[in-house]
Amino acid sequence: MQPRVRSLIATALLLAAGGVSAQDLRIGYADPVSSLDPQLNNYAGDRSVALHAFESLVNRHDDKTLPGLAKSWKVVDPTTWQFDLRDDVKWQDGTPLTADDFVFSFERARNVPGSVASYAGAMRTVESVSAKDAHTLIIKTRTPNANLLPDVDSIYIVSRHAGANASSADYNAGKAMIGTGPYRFVSYVPGDRTIFARNDSYWGGKPTWDKVDFRFIANAANRTAALLAGDVDVIDKVSPTDVERLRKTPSVNVFAYQGLRALIIQPSFREGPNEFIRDNAGKPLAENPLRDVRVRKALSLAINRQAIDERIMQGTVTEANQWMPANTFGYNPQVKNIPYDVKQAKELLAQAGFPEGFQLTVHVPGDRYPQAPEAMQAVAQFWSRIGVKVQLEVLPWAVYAGKANKNELAISVIAWGNGTGEAAYALTNILTTVDSAKGQGASNWGHYSNPLVDKALVDSTAEFDEARRRQILEDSVKVVSDDVGIIPLFHYQNIWAARKGLKVEPLVSDRTAATMVTEQP
Amino acid sequence: MNAASKPVPSHVGLQAQSPWRRVVLEFISSPTAVVGLLVLVLIMLVAVLAPWIVVQNPYDLMQLNVLDARLAPGSANMDSGYTYWLGTDGQGRDLVSAILYGLRISLWVGIGSALIAAVIGTLVGLVSAYVGGWLDALLMRLVDLLLSFPVILMALMILAWLGKGVGNVMLTLILLEWAYYARTARGQALTESRREYVDAARGQGIGPWRIVVGHILPNCLPPLIVIGALQIARAITLEATLSFLGLGVPVTEPSLGLLIANGFQYMLSNEYWISLFPGLALLITIVAINLVGDRLRDVLNPRLLR
């Protein structure tokens, strides 16, 4: 609520000063948007756009849960949750919001036609959602799920009356773009921009901006140039190469916050030959060497993470030894930074039967994760020093995601957002055994599978005691770390830059939305 | 113009009147063209000899050190003490080495694709002109289609379908460029095939294939050579463009275009050298080729003969 109160004060001050009557905000953002349908794909860009018009059940700030559309909630029994909903919330077309809209939203999120990164994982424990009365919602889970709030909160609430027969295309066309959020949809040009205007009937504090021009600028240098030229007021995902330059520019402020997103290498655990793993003569190896923990460990030890931080990322990241950054729920402080140890790496490779190494093709998306191709080129350098000869292929995201999803690659790279701020989110999506029926492992591109990890998710989900849940998650971090199920590289900082006079405060993780920007006199 | 259609002169006379000798003499009468040619020869020499001149193989990941990334021109290498005269790129590649290796790719792609396209295009043009009828119509509509499409768009489509790699870039360039040769060769061949010497050859009972290759083709060559020179420059630029857009060569083996693209992101942070020097190398190469090509056009164009 804090930022909202502040934005209210800022607006009041400005109005009192008799200042500008029309306040427009232009944001240049980096993440591509696949659709305006807030339930189609769990993509960063889609979520950022949706944040303007739509809301979810509660409000989450880092790992705290605050009231939102639900005023309060209680756990009736371990598998039954009851939510008391606000009764003063109206859809942007004037229809009142009722519990039935929630029922519709949660059921729709399970299966949206055409989804390639669905929200099914968030619904994996939910058995049924029902409306007790117009403003009371009951969620029943199949098994006790202590983590239900962060789970279901990732799902945006859409209306039944506008959305019942709406396809994703109807959202893109604006027909179904009716939310409860602080800004209402005006227009959308795919691949270019979305325009929003203030929702005057918003139930919360008065939104700061009259009009929001939310502009997609894929190239980081172009975003910086657009900000410097005054074409936009705020940019997100500032390139590490531009941070220093922007800090020195008096007309601009840089806002850097510790982020939740980690760049992670996922080795493939697929059995049998893989066309991207070959012996030194170029013949595919009969067995996948990455299934040997010694090989994975060697690959992890061979990486000089500090060098990547300093030389490639220019100090805008923190070395990672696990998937969550320090001081988050589930972060295990016992797991130490992974040393850069070429000697041990070579020994491990030799023990695993590869004293001369092997050939490896590494794939990375070129248009999605900041500096990922550059970082992976450095990783390729380091791996070549222990005899693993790397060919690096940079693919467009659309091609890459398709291949990664089918586990066709040998080494894939993911920048996992850890959007819920706790460790179970990554467990569910990138570490547990792939099982689409249970909504597990949706982004586990290497098909890593470890019964201990699967058990940790089950246990943590059933554990309502916070301290014990934390312990289970921390233990799972240790399991994955010892097993080198993933090779973590670094945690991104979230960096925004804005013209002087504006302030940017993070809302959730690295999302970018107009609600995060306030006037700073 | 054609030796075969003229009375056989004395040996010395042939030398003195040889059209190619005139071409050479006219060519060197332009100092700028000579400078262009010299620069071009020099560039080709260093590109061919690159593996023996450079201090580092920029395509061998073992020889790169990311700790040497983004060093300014004139900095020293951390391990073995050689100097990065033009600085290093974001991965610690010596830019002198990277530029020379990049030139190799550019010239190989440019000259290779232009030559192959020239052979294919000329053959298609000649056949089209000589056979005529529906085949001519079909081939020329195909050429029209290719020429009317924006080149970059076509290249993007073809590469998206074929995938990346030097071989595929060359293939793309060939697919796009043969049309220019075909159109020119056809036009030229149509004019030539109405000349008396062709009738004379026919009258002597010489087969069509020999007439086309032995009599018509030599007379079509001058304009094709001019197009060839300009197409090489075009192919190099196009390769650089495609690599800049991320559709050309692999990132670990950058050509000039990719070097420029990689350096582009550092332009705002004053690390200008990563883009600037590969850009200059590309510029000088293209200018040199164009100078040579322009002069060739002047001296080979019969209409500009005084």
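Per chain, the residues get numbers from 1 upward, laid out in the order the sequence is written. To read the labels, note that chains go from A and ligands from 1, taken in the order they are written. For a predicted model such as this one, the threshold for reporting local features is a pLDDT of at least 70, and the threshold for listing and counting side-chain atom pairs is 80 or more; totals across whole chains, interfaces and linings nevertheless cover every residue. Note that the side-chain values use all heavy atoms of the structure and ignore hydrogens as well as water.

**Focus on the overall build of chain A**
Then step 1. Counting secondary structure elements, chain A contains 16 helices and 20 strands.
Then step 2. The globule rule used for comparison is 2.2 Å times the number of residues to the exponent 0.38, while the radius of gyration itself is calculated over C-alpha atoms. Taking 521 residues into account, the globule formula puts the C-alpha radius of gyration at 24 Å, and chain A, at 23 Å, falls close to it.
Then step 3. When a residue's accessible area, from a 1.4 Å probe over protein chains only, is under 20% of the maximum for its type it is buried; when over 50% it is exposed; and in between it is partly exposed. By residue count, 59% of the 521 residues in chain A fall in the buried class.
Then step 4. Accessible surface computed for chain A: about 19,500 Å², of which carbon and sulfur atoms make up 52%.
Then step 5. When charges are counted, Lys and Arg contribute as positive and Asp and Glu as negative, whereas His and the chain ends are disregarded. Lysine's charge is taken at NZ, arginine's at CZ, aspartate's at CG and glutamate's at CD. Positive and negative side-chain charges in chain A, numbering 57 and 58 respectively, have mean positions lying 2 Å apart. Each helix is a run of DSSP H or I of at least 4 residues and each strand a run of E of at least 2, with the numbering of both proceeding from the N terminus. For the accessible areas, the method is Shrake-Rupley and the probe is 1.4 Å, while residue cover comes only from the protein chains on display.

**Points about the interface of chain A and chain B**
Then step 1. Contact residues are listed per partner, giving 26 residues for chain A and 20 residues for chain B.
Then step 2. Throughout, the accessible surface (probe 1.4 Å) given up by two parts as they are put together, summed over both, is called the buried area. Of the roughly 2,200 Å² buried where chain A meets chain B, counting both sides, 50% is carbon and sulfur surface.
Then step 3. Broken down residue by residue, the surface that chain A buries against chain B is led by Arg311, Gln377 and Gln381 of chain A, which jointly contribute 30%.
Then step 4. We define a salt bridge as a side-chain nitrogen of Lys or Arg found within 4 Å of a carboxyl oxygen belonging to Asp or Glu. Inspection of the region where chain A meets chain B yields 0 salt bridges.
Then step 5. In protein, a polar contact requires one atom able to donate a hydrogen and another able to accept it; more generally it is a pair of N or O atoms within 3.5 Å, and residues adjacent in sequence count only if both atoms are side-chain atoms. Run the count over chain A and chain B and you get 10 residue pairs in polar contact (both at pLDDT 80 or more). Contacts are assigned to residue pairs that have any heavy atoms within 4.5 Å of one another.

**Some details on the packing of helix α9 (residues 208-244) of chain B against helix α11 (residues 273-300) of chain B**
Describing two packed helices takes the angle between their axes plus the distance from one axis to the other.
Residue and element names in this part refer to chain B.
Then step 1. Working convention: axes come from line fits to C-alpha atoms, limited for helices to the stretch in contact. Angles between N-to-C directions cover 0 to 180 degrees. With their axes 8 Å apart at the nearest point, α9 and α11 run at an angle of 165° to one another. Here α11 runs roughly antiparallel to α9, going by the angle between their axes. Crossing of α9 over α11 shows left-handed handedness. Across the interface between the two elements, Pro222, Ile225, Val226, Ala229, Leu230, Ile232, Ala233, Ile236, Thr237 and Ala240 of α9 pack against Leu282, Thr285, Ile286, Ile289, Asn290, Gly293, Asp294, Leu296, Arg297 and Leu300 of α11. Angles are sorted into four bins: roughly parallel if under 35 degrees, roughly antiparallel if over 145, roughly perpendicular if 65 to 115, and oblique for all others. By definition, any crossing whose near helix is turned counterclockwise from its far helix by less than a right angle is left-handed, and any crossing with a clockwise turn is right-handed.

**A short note on the environment of Gly174 of chain A**
Then step 1. Assignment of secondary structure puts Gly174 of chain A in the loop between α6 (168-172) and β8 (183-189).
Then step 2. A sequence separation of 34 residues divides Gly174 of chain A from Thr208 of chain A, and the C-alpha atoms of the two residues are 23 Å apart.

**Section: the pattern of salt bridges**
Opposite charge on two side chains makes pairing possible when the charged atoms of those side chains draw close.
Then step 1. For the structure on display, the rule yields 36 salt bridges over all chains.
Then step 2. In this structure, Asp89 of chain B engages Arg93 of chain B in a salt bridge whose closest nitrogen and oxygen atoms are separated by 2.8 Å. Each member of the pair, Asp89 of chain B as well as Arg93 of chain B, carries the same accessibility label: buried.
Then step 3. Here Asp136 of chain B and Arg186 of chain B are joined by a salt bridge, their closest N and O atoms 2.6 Å apart. You can see Asp136 of chain B sitting in helix α5 (residues 133-148) and its partner Arg186 of chain B sitting in helix α7 (residues 166-193), a full 50 residues away along the chain.
Then step 4. Salt bridges sharing partners connect three or more residues here, namely Asp192, Arg193, Asp213 and Arg215 of chain A.

**With respect to helix α3 (residues 31-53) of chain B**
Then step 1. Note on bend: the value at a residue is the angle between axes fitted to the seven residues ending there and to the seven starting there. Along α3 of chain B, the largest kink reaches about 40° and is centred on Ala47 of chain B; proline Pro51 of chain B follows within four residues of it.
Then step 2. Residues of α3 of chain B that are buried sit in contact with α2 (19-28), α4 (95-131) and α11 of chain B.

**Examining unusual backbone geometry**
All names here are of chain A.
Then step 1. With a phi close to 60°, Gln371 is a non-glycine residue in the positive phi region.
Then step 2. Mapping Gln371 onto the fold places it in the loop between β15 (359-365) and α12 (372-384).
Then step 3. The exposure class of Gln371 is buried, given its relative accessible area of 8%.
Then step 4. Unlike most non-glycine residues, His447 shows phi in positive territory, near 55°.
Then step 5. Relative to the helices and strands, His447 is located in the loop between α14 (424-431) and α15 (451-462).
Then step 6. With relative accessibility at 34%, the residue His447 sits in the partly exposed group.

**A closer look at the pairing of strand β10 (residues 211-216) of chain A**
Residue and element names in this part refer to chain A.
Then step 1. Pairing between two strands is assigned when DSSP locates at least 2 bridges connecting them. Alignment of strand β1 (residues 24-29) against β10, held across 6 bridges, turns out to be parallel. Residue pairing across strands places Leu25 opposite Val212, the latter belonging to β10.
Then step 2. Here strand β9 (residues 193-198) runs beside β10; their pairing, made up of 5 bridges, is antiparallel. Paired with Ala197 across the two strands is Lys211, which belongs to β10.

**Considerations on helix α16 (residues 466-483) of chain A**
Residues and elements named next belong to chain A.
Then step 1. Each residue after the first adds 1.5 Å to the expected span of a helix. The end-to-end C-alpha distance of α16 is 26 Å, a good match for the 26 Å that 18 residues give at a rise of 1.5 Å each.
Then step 2. Where the residues of α16 are buried, they touch α14 and α15.
Then step 3. One or two residues past the end of α16 sits Val484, with phi positive at roughly 45°.

**So, the nonpolar core**
All names here are of chain A.
Then step 1. Residues belong to one nonpolar core when they are buried, are Ala, Val, Leu, Ile, Met, Phe, Trp, Tyr or Cys, and are joined through side-chain atoms within 4.5 Å. Among the nonpolar cores identified, the biggest contains 170 residues, and Leu263, Ile308, Trp323 and Trp383 are the most heavily contacted of them.
Then step 2. Filtering out sequence-adjacent residues up to four positions away, Trp383 remains in contact with Ile265, Leu299, Ala302, Ile303, Leu360, Val362, Val388, Val390, Ile411 and Ile487.
Then step 3. Counting residues in each nonpolar core, the second largest holds 34 residues, with Tyr188, Phe196, Trp496 and Ala498 among its members.

**Details of the side chain of Thr428 of chain A**
Residues and elements named next belong to chain A.
Then step 1. Assignment of secondary structure puts Thr428 in helix α14.
Then step 2. Taking relative accessible area as the criterion, Thr428 reaches 4% and is therefore assigned buried.
Then step 3. Apart from the residues lying within four places of it in its own chain, the contact partners of Thr428 are Gly121, Arg124, Gly439, Gln440, Gly441, Ala442 and Leu457.

**Brief notes about the confidence of the model for chain B**
Residues and elements named next belong to chain B.
Then step 1. Scored from 0 to 100, pLDDT reflects the predictor's confidence in each residue. Residue-level pLDDT values for chain B average 86, and 92% of them are 70 or greater.
Then step 2. The element-level mean pLDDT for chain B is lowest in helix α1 (residues 11-17), coming to 48, with α3 highest at 94.
Then step 3. Segment residues 1-15: pLDDT under 50, and 8 contacts once partners within four positions in sequence are set aside and those in other chains are kept.

**Description of the sheet that holds strand β6 (residues 126-133) of chain A**
Hydrogen bonds between backbone atoms are what pair the strands of a sheet, whose relative direction is either parallel or antiparallel.
Residues and elements named next belong to chain A.
Then step 1. Pairing is antiparallel across the open sheet formed by 4 strands, whose spatial order is β4-β5-β7-β6. The open sheet terminates on both sides in strands that have one partner only, identified here as β4 (70-77) and β6. When the angles between neighbouring strand axes are averaged without regard to direction, this sheet yields 20°.
Then step 2. Its contacts with the sheet place helix α3 (residues 99-110) against β5 (80-85), β6 and β7 (136-141), and it is angled at close to 165° to β6.

**Points about a nonpolar patch on the surface**
Residue and element names in this part refer to chain B.
Then step 1. Here a patch means residues that are over 30% exposed by relative accessible area and free of salt bridges, tied together within 9 Å if like-charged and within 5 Å if nonpolar (Val, Leu, Ile, Met, Phe, Trp, Tyr). Together, Ile152, Phe244, Leu245, Phe264, Met267, Tyr272, Leu276, Leu280, Leu283, Ile284, Val287 and Leu291 make up a nonpolar patch on the protein surface, roughly 990 Å² of accessible area in all.
Then step 2. At 6 residues, the largest contribution of residues to the nonpolar patch is made by α11.
Then step 3. With respect to the helices and strands, Leu291 occurs in helix α11.

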